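Analysis of the macromolecular model
Below are the chains, spelled out letter by letter.
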Amino acid sequence: VQLVESGGGLVQPGGSLRLSCAASGFTFSTYRMSWYRQAPGKERELVATINSAGGSTNYADSVKGRFTISRDNAKNTVYLQMNSLKPEDTAVYYCNARAYYVYWGQGTQVTVSS
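Residues numbered from 1 in each chain as written. Predicted model: local features only at pLDDT ≥ 70, side-chain atom pairs only at ≥ 80, totals over all residues. Heavy atoms only, no water.

On to the side chain of Arg71, then. You can see Arg71 is positioned in strand β7 (residues 67-72). Engagement of the side chain of Arg71 in a polar contact is seen with the backbone oxygen of Asn51, the distance being 2.8 Å. A distance of 3.4 Å separates the side chain of Arg71 from the backbone oxygen of Ser52, its partner in a polar contact. (Helix = DSSP H or I, 4+ residues; strand = E, 2+ residues; numbered from the N terminus. Polar contact = N/O pair within 3.5 Å; in protein donor to acceptor, adjacent residues only side chain to side chain.)

Quick look at the state of the cysteines now. Covalent bonding between the sulfur atoms of two cysteines defines a disulfide. Overall, the coordinates contain one disulfide when judged by the stated rule. One disulfide bridge connects Cys21 with Cys95, the sulfur atoms lying 2.1 Å from each other. Disulfide Cys21-Cys95: the torsion about the S-S bond is -85°, which places it as left-handed. In this pair, Cys21 sits in strand β3 (residues 17-24) while Cys95 sits in strand β9 (residues 91-98), placing the two residues 74 residues apart along the sequence. For Cys21, a relative accessible area of 0% gives the class buried. Among the residues examined, Cys95 registers a relative accessible area of 0% and is labelled buried. (Disulfide = S-S within 2.5 Å. Buried < 20%, exposed > 50% of the residue type's maximum accessible area, 1.4 Å probe, protein only.)

Spatial strand order, β1-β3-β8-β7: four strands in an open sheet with antiparallel pairing. A single partner strand is all that each edge strand has here, and the edge strands are β1 (2-6) and β7. Averaged over all pairs of adjacent strands, the angle between their axes in this sheet comes to 15°, without regard to strand direction. In the sheet, β3 pairs with strand β8 (residues 77-82) via six bridges, with the strands oriented antiparallel. Its bridge partner being in β8, Leu17 is matched across the sheet by Met82. (Pairing = 2+ DSSP bridges. Axes fitted to C-alpha atoms, helices over the stretch in contact; angles between N-to-C directions.)

Before going further, it helps to examine the pattern of salt bridges. Applying the stated criterion to the full structure yields four salt bridges. Where Asp89 meets Arg37, a salt bridge forms, and the shortest distance between an N and an O atom there is 2.9 Å. Here Asp89 is found in the loop between β8 and β9, whereas its partner Arg37 is found in strand β4 (residues 32-38), with 52 residues between them in sequence. With relative accessibility at 0%, the residue Asp89 sits in the buried group. With a closest N to O distance of 3.2 Å, Asp61 and Lys64 form a salt bridge. According to the relative accessible area criterion, Lys64 is partly exposed, its value standing at 49%. (Salt bridge = Lys/Arg side-chain N within 4 Å of Asp/Glu carboxyl O.)

Interpretation note: all reported values are geometric properties and have no functional meaning in isolation.
Set out below in structure tokens:
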């Protein structure tokens, strides 16, 4: 089983990034997928969730209206489009798959700074 995140980096406030998480080794289309983040000195927090079919999403209040989670079950990939980024969005972002089992990716760093 693998979850491989990509797309992180350094961006200025107000900018955008698109994270991707490529899944393998399990039946991706049957798993609920989520993005979490963890900032230095803080607990890991849930950012966004999408159900297995992609028809239902939920977001943390802090990212509503700025972030969009989506998935492509044909490509076994989940995305997080992040717009209007703020310095407080700086964190390591993790991909999570949940059904009967729970899987985590290794994380990708997002830094929002001028």
